[in-house]
Number of protein chains: 2
Amino acid sequence: MNDTIKQGGATAASRIYEMLRQDLLNGRYGAGERLSISLLRDTYQVGLSPLREALNRLAAYGLLRQENQRGFRVLELSPEELVDITEMRRQLEGRALELAVQHGDEEWESQLLAANHRLTRAATQAPVVEWELLHSRFHNALVAPCGSAWLLRFITQLHDQFDRYRRLAPRHDELRHRLDAQHQELVDLALARNARRAREVLEEHITLSSEVAMLSCEQV
Amino acid sequence: MNDTIKQGGATAASRIYEMLRQDLLNGRYGAGERLSISLLRDTYQVGLSPLREALNRLAAYGLLRQENQRGFRVLELSPEELVDITEMRRQLEGRALELAVQHGDEEWESQLLAANHRLTRAATQAPVVEWELLHSRFHNALVAPCGSAWLLRFITQLHDQFDRYRRLAPRHDELRHRLDAQHQELVDLALARNARRAREVLEEHITLSSEVAMLSCEQV
DNA sequence: TTTATCGAAATAATCGATTATTTGACCTAG
DNA sequence: CTAGGTCAAATAATCGATTATTTCGATAAA
């Protein structure tokens, strides 16, 4: 969905869409919270029409729930849904990585190395938002040459859903360290063209990451 | 996405969304065609705001393409994309059916029998739109108890995409007959709780159906 | 002949105001 | 007291008009 809108002077609706999307992923609005349209208009300094268009897109994308005549709500969070999202990510990203390892060219290898390098640096030297961006880019780079546009689309969508949980979770340095090590391992396996093992590690990575994310459900 | 909007007095935007979705699936607008907003307003007798909201939803859903400052276009059709959609359907619906066979209860069995019965009757005695509705319902009933909301969501979305091709294709009685026979076979295997074989038949069914759909790409 | 530029017409996006619906407090009948 | 009903305030949805951008034909320059 992110690149559904083509280039060209960004319209107010697409600017507000991206801002709202980021704020939703970062947990600025609480789960289940009702979004007052006139309040949002004041917050983002934008007219009603583009704002409503952005909200409609977000609802169709799955980050908001729309009830006729009752406006928009942030989606609820539940451990059950996190399990569902995790299982889907394992399935889809695992498959995509297998294909990417088979189809990826030298350019892909370079991109992958670069993405991991930037991510590693950012882990110690950049603010969280910067790291989040590079983390998304790394995982995207990993599966990019899988050859299926629809697979990539669903993966991105699930990634956004997953991040709503993960970004809400408290820090857990030990798990984070193991997750970072897996990033490196994935790069190595990808370059070695070991599709089978790469898939296994990615699936473990997603499961481990879901353990971090699950901590967000155990908050008050 | 179809049930994203909850009950309650349908709003103009959601009514127009559903109408447009049906018309897009039925090929009322040509692939790649530009949708003039003011023309649509006249056609559907609706104001600009709800119309634009519906178009935004459809773009986020993947039935339209939106370019900033240049309005909305119907998505193009291509054999390559049909292959992608078909492969994704095989993967996702195949997995969903396995799960459904494992989890489905007696109520599911009844629903399945009923859905197939209605579909079979409609094949000879109902207009095409009626058959299309029942056909969607049958395939939905098949995988409904798979236990994963996201899996079902993606399956529905892919089904809509697939139907853009299939409904455009010319009749092919021989293939249609084999496809109908597979519906019966799927019901039998589901009731017999033969998950493995049911999955195989469903994947064959989707592939065979894509052969029909592919005929739409060979038109002028 | 081709390419570039300008400007009017067409069309998309946005705004401000209006209408419709829901919410919740208050009241009354049972 | 409680259930149901009424009404006013709050909020969502929609409309009509305005603004911004693109498109395309006509003209001029290379």
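Residues numbered from 1 in each chain as written. Chains lettered and ligands numbered in written order. Predicted model: local features only at pLDDT ≥ 70, side-chain atom pairs only at ≥ 80, totals over all residues. Heavy atoms only, no water.

Comments concerning the protein's contact with DNA strand D
Here's step 1: Taken together, the neighbourhood of DNA strand D is formed by 17 residues, with A:Arg52, B:Thr11, B:Ala12, B:Gly47 and B:Ser49 sitting nearest.
Here's step 2: For DNA strand D, the fraction of protein-proximal atoms (within 4 Å) that sit in sugar or phosphate groups is 82%.
Here's step 3: The separation between a sugar or linking oxygen of DNA strand D and a polar main-chain atom of A:Gly71 is 3.4 Å.
Here's step 4: Taking B:Gly47, its main chain carries an N or O atom lying 3.0 Å from a phosphate oxygen of DNA strand D.
Here's step 5: Counting residues per element, the ones that place at least two in the surface near DNA strand D are strand S2 (34-35) of chain A together with helix H1 (12-25) and helix H3 (48-61) of chain B.
Here's step 6: If one sorts the elements of the surface near DNA strand D by residue count, H3(B) sits on top with three residues.
Here's step 7: For the surface near DNA strand D, a count of residues per class yields six nonpolar, seven polar and four charged. (Near = heavy atom within 4 Å. Polar contact = N/O pair within 3.5 Å; in protein donor to acceptor, adjacent residues only side chain to side chain. Helix = DSSP H or I, 4+ residues; strand = E, 2+ residues; numbered from the N terminus. Nonpolar A, V, L, I, M, F, W, Y, C, P; charged D, E, K, R; others polar.)

A few points about the domain arrangement of chain A
Residue and element names in this part refer to chain A.
Here's step 1: The domain boundaries assigned to chain A delineate domain 1 (12-74) and domain 2 (79-218).
Here's step 2: A separation of 27 Å is found between the C-alpha centroids of domain 1 and domain 2.
Here's step 3: Every contact between the two is made by 11 residues of domain 1 and, on the other side, eight residues of domain 2.
Here's step 4: Buried surface at the junction of domain 1 and domain 2, summed over both partners, amounts to about 830 Å²; 44% is from carbon and sulfur atoms.
Here's step 5: The largest contributions to the domain 1 side of the interface with domain 2 come from Leu 25, Asn 26 and Tyr 61, which together make up 60% of the buried area.
Here's step 6: Here domain 1 is connected to domain 2 by one salt bridge.
Here's step 7: A salt bridge links Arg 21 to Asp 160, with the shortest nitrogen-to-oxygen separation between them at 2.9 Å.
Here's step 8: At the junction of domain 1 with domain 2, the criterion picks out five residue pairs in polar contact (both at pLDDT 80 or more).
Here's step 9: With four residues, the top contributor of residues to the side of domain 1 that touches domain 2 is helix H1 (residues 12-25).
Here's step 10: A class-by-class count of the residues in the side of domain 1 that touches domain 2 yields six nonpolar, four polar and one charged. (Domains from an automatic or database assignment. Contact = heavy atoms within 4.5 Å. Buried area = accessible area lost by both parts, 1.4 Å probe. Salt bridge = Lys/Arg side-chain N within 4 Å of Asp/Glu carboxyl O.)

Re the nonpolar core
Here's step 1: A:Leu92 and B:Leu92 are the most contacted members of the largest nonpolar core, which totals 76 residues.
Here's step 2: If we ignore the near neighbours within four places in the chain, the residues touching A:Leu92 are A:Leu151, A:Phe154, A:Ile155, A:Leu158, B:Leu92 and B:Phe154. (Core = buried A, V, L, I, M, F, W, Y, C linked by side-chain atoms within 4.5 Å. Buried < 20%, exposed > 50% of the residue type's maximum accessible area, 1.4 Å probe, protein only.)

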